[in-house]
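Structural features, examined
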Amino acid sequence: MTSTTPSLHHLPRRGFTLFEVGISLVIVSVGVLSVMMLMPVGIKAQQLARFQLLASAKAIEIMSVNANQWRKWDEQRMEGLTLGLCSINQVAQTPLVEQKACNWRHGNLPVPMEIARRLDSDGDEIQKILSEGGYLFYSSPRPIASSGEANPLLEDREIPNETQRLVYAFVGNAQQPALANHPCKAWPYYDWYPTPPRARTLLDTSSPNSRHEDSWRLNAWPNLSEFLTVVTAWKTVSAVAVPAKADVVAYRDKAKELAVALGMSVDADGVPNLPPGSAYDPVDAYRVLAAGYIAQSMVWLTSSTFVPTSSDTSMAQRAHESSLTWLRRHATTDPYDWGIDRALNFQNGWDHPLLQYEMFASATPASLLATLFTVPTNGDVSWRVLSARPVINAGTSNSYGITSLMAGAPAPGVVPRPNGNKNEIQDSWGNQSPGLVDTFNLTKPFQPAERCRQLVFWAVDWKSYADAETAPSAPQDASRFPYDSDGGTNYNGGAHKFHNPERFFTFGDASHSTIVESASNKSVYLGLYGADRNGNKRLDVGPVPSSVRMRAVSVARFNFYNPRVWAGLRN
């Protein structure tokens, strides 16, 4: 019997047609291309995330250093004979973040202006910042200095070049900052209390403890003759290592006589009674000193050398407490009475007066700017100083005290100054006469948005420019340089620490073969030969010509509050 089932070898073969294969290839190609197209996006997102992380760390560093840096770091000059002599006061002490941050020790260096003007950004924000006088910053190629005169060139560590691709700027209007102190007097001064009437000798400018006599004379305090008898008695007991008890008693008695002459109430033992009025009523500076002289003499009599009695000890304790009560009343009620030093053993948040420059007119509301103040004798030019309340008993500064008041002439080479710099301080105050517009505004109300600013970061490979290291340093504020307002050189050991932020990376000449930090060579001083901005100690020339513009990509924005005054007790 013959089977009718077809053989498997005779069945028709089936497969993909050419059209089907083509469609499959298109689908696969689309999938592969889609994956490949996602890779750059992923890489870009990864790079952006990394830059955002670096920007966050840098923002924390900037704000932390600004908040915690000791305001008197680097031993800069704090007092000038005239207003314009102390040229670095604002750079070291200002609460403005960008001005304080623009410093080699804080690790923030300004991008050369020639390069910064080639960078494009969203909304042309970078160029707007530059046109308004702002800086574009980059990170130092070395870690920030922690203390002393640390030279970053001596560090072996280098930060990754990727970090230096971050550039950043402070956006928003800066506020006029308060002055850290009067440019002619670094008030407040401090001293231990109770203190004896240590009178200034001919050339004694070493300590603020010796200004009592200056204050008594120059401020026309009452009973000068009685004060001088106390000074004479004090000189007698302080001239020997172990004074006679009779001399110390005489010093105490003269101090009691001074207190009574000043109208102070004392008890039967001569101990001053507590100051009158409430805790908010101010007391005269000279009465505080008088109470201190009595307390100091009575405490001295409790020395074992004099075999004190229980009565002596009791009087000394009461006099000491009374003295500190007078002192604390003075310190907490009026920071604008500069007649005596503040208590080193009783510092508080109200020791510092509020001062600012008078940059706006006080004559009429229609006027815009105040008149620059010029000293006729030497042409010193500066803004005048405004205070929240009138300063009294300003006297002289510690640096420019009396040098020819007593008998005899000053030492050779010392210019006689019978009034110290009292006249300069008196003439420095702005116009706060009744009826005129009050331009002091540190205590006026404000909206939080008026002080809110932003720290903005961008990413751009500006180091690829051919002139990234040969472009001159960005121009700096004149307050960074040791020249006073009439053009005279006023260089001092602390001033140089605030010069060109790129000072440790500047090239020494047009050959760019050496890296020099020089205060005498003005071209190097200003960074005119460029700087080793990546910190590898040689000149690098990038592949991108200076004619090419680069696009800066936005990375992150951080809001911060810009104070006008230091507001923390720790500062």
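Now for a look at the structure at hand.

Analysis parameters
- Residues numbered from 1 in each chain as written.
- Predicted model: local features only at pLDDT ≥ 70, side-chain atom pairs only at ≥ 80, totals over all residues.
- Heavy atoms only, no water.
- Core = buried A, V, L, I, M, F, W, Y, C linked by side-chain atoms within 4.5 Å.
- Buried < 20%, exposed > 50% of the residue type's maximum accessible area, 1.4 Å probe, protein only.
- Helix = DSSP H or I, 4+ residues; strand = E, 2+ residues; numbered from the N terminus.
- Expected span 1.5 Å × (residues − 1).
- Arc of directions from axis to C-beta.
- Contact = heavy atoms within 4.5 Å.
- Phe/Tyr/Trp six-rings, centres within 6.5 Å; stacked < 30°, edge-to-face > 60°.
- Salt bridge = Lys/Arg side-chain N within 4 Å of Asp/Glu carboxyl O.
- Pairing = 2+ DSSP bridges.
- Axes fitted to C-alpha atoms, helices over the stretch in contact; angles between N-to-C directions.

**Overview of the nonpolar core**
Core analysis: the largest hydrophobic core is formed by 47 residues, its most contacted members being Leu136 and Trp458. Every element with two or more residues in this core is listed here: helix H1 (18–68), helix H3 (97–101), helix H4 (113–116), helix H5 (125–131), strand E3 (137–139), strand E4 (166–171), strand E11 (452–459) and strand E13 (553–561). Of all the elements, E4 adds the most residues to this core, at 6 residues. Counting residues in hydrophobic clusters, the runner-up holds 38 residues, among them Phe227, Val283, Leu289 and Leu324.

**Brief notes about helix H8 (residues 224–238)**
For H8, built from 15 residues, the straight-helix expectation of 21 Å at 1.5 Å per residue is met to within 8% by its first-to-last C-alpha distance of 21 Å. Listed as buried for H8 are Phe227, Val230, Val231, Ala233, Trp234 and Val237. Taken end-on, H8 shows its buried residues confined to a sector of 165°, consistent with a single buried face. As for H8, its buried residues are in contact with helix H7 (212–218), helix H9 (245–261) and helix H10 (285–300).

**Overview of the environment of Phe505**
Checked against the element boundaries, Phe505 lands in the loop between E11 and helix H14 (522–525). Residues Phe505 and Glu469 lie 36 residues apart in sequence; the distance between their C-alpha atoms is 9.8 Å.

**Some details on unusual backbone geometry**
Cis geometry is found at the peptide bond from Trp187 to Pro188, where omega equals 10°. Relative to the elements of secondary structure, Pro188 occurs in the loop between E4 and strand E5 (190–191). Of note, the amide linkage connecting Tyr193 to Pro194 takes the cis form, showing an omega dihedral of -5°. Within the secondary structure layout, Pro194 lies in the loop between E5 and H7. Although it is not a glycine, Asp124 sits at a positive phi angle of roughly 55°. Tracing the backbone through its elements, the reader meets Asp124 in the loop between strand E2 (119–120) and H5. Among the residues examined, Asp124 registers a relative accessible area of 36% and is labelled partly exposed. Phi is positive for Ala220, which is not a glycine, with a value near 55°. Within the secondary structure, Ala220 sits in the loop between H7 and H8. Ala220 sits in the exposed class, given a relative accessible area of 64%.

**Some remarks on the side chain of Ser323**
Summarising the element assignment, Ser323 is placed in helix H11 (residues 310–333). Judged by its relative accessible area of 2%, Ser323 falls in the buried class. Leave out the neighbours within four places in its chain, and Ser323 touches Pro194, Ala291, Gly292 and Ala295.

**Some details on the packing of aromatic side chains**
If you walk through the whole model with that rule in mind, you get 17 aromatic pairs. For the ring pair Trp216 and Tyr286, a centre distance of 6.4 Å and an interplane angle of 55° mean the geometry is tilted. A residue pair is termed long-range when its members are at least 10 positions apart, and Trp216 in helix H7 and Tyr286 in helix H10 qualify at 70 residues. Across this residue pair, the class does not change: Trp216 and Tyr286 are buried. Here Phe227 and Tyr293 contribute two aromatic rings whose centre-to-centre distance is 6.4 Å and whose plane-to-plane angle is 35°, an arrangement assigned as tilted. Taken together, the positions of Phe227 in helix H8 and Tyr293 in helix H10 put the pair 66 residues apart, joining distant regions of the chain.

**Examining the pattern of salt bridges**
Overall, the coordinates contain 16 salt bridges when judged by the stated rule. Residue Asp267 is joined to Arg318 by a salt bridge in which the shortest nitrogen-to-oxygen separation is 2.7 Å. Taken together, the residues Asp267 in the loop between H9 and H10 and Arg318 in helix H11 connect sequence positions 51 residues apart. Taking the relative accessible area as the measure of exposure, Asp267 reaches 26% and is therefore partly exposed. By relative accessible area, Arg318 is classed as partly exposed at 33%. Across the pair Asp334 and Arg389 runs a salt bridge, and its minimum N-O distance is 3.1 Å. Placement of Asp334 in the loop between H11 and strand E6 (342–343) and of Arg389 in the loop between strand E10 (385–387) and helix H12 (422–426) is noted, with a sequence separation of 55 residues between them. Using a relative accessible area of 40% as the deciding quantity, one classes Arg389 as partly exposed. Each member of the salt-bridge network shares a partner with another, and the members are Asp267, Asp269 and Arg318.

**Comments concerning the sheet that holds E13**
Sheet architecture is open: 5 strands sit in the order E1-E3-E4-E11-E13, paired in antiparallel fashion. Two strands lie at the open edges of the sheet, namely strand E1 (108–110) and E13, each paired on one side alone. Taking the axes of each pair of neighbouring strands and ignoring which way they run, one obtains an average angle of 30° across the sheet. Looking at chain direction, E4 and E11 are connected through 6 bridges and run antiparallel. Within E11, the position partnered with Val167 by the bridge is Trp458.

**Remarks on H10**
For H10, spanning 16 residues, the distance from its first C-alpha to its last is 23 Å, which sits close to the expected 22 Å at 1.5 Å a residue. Counting buried positions along H10 gives 13 out of 16 residues, so the element sits mostly inside the fold.

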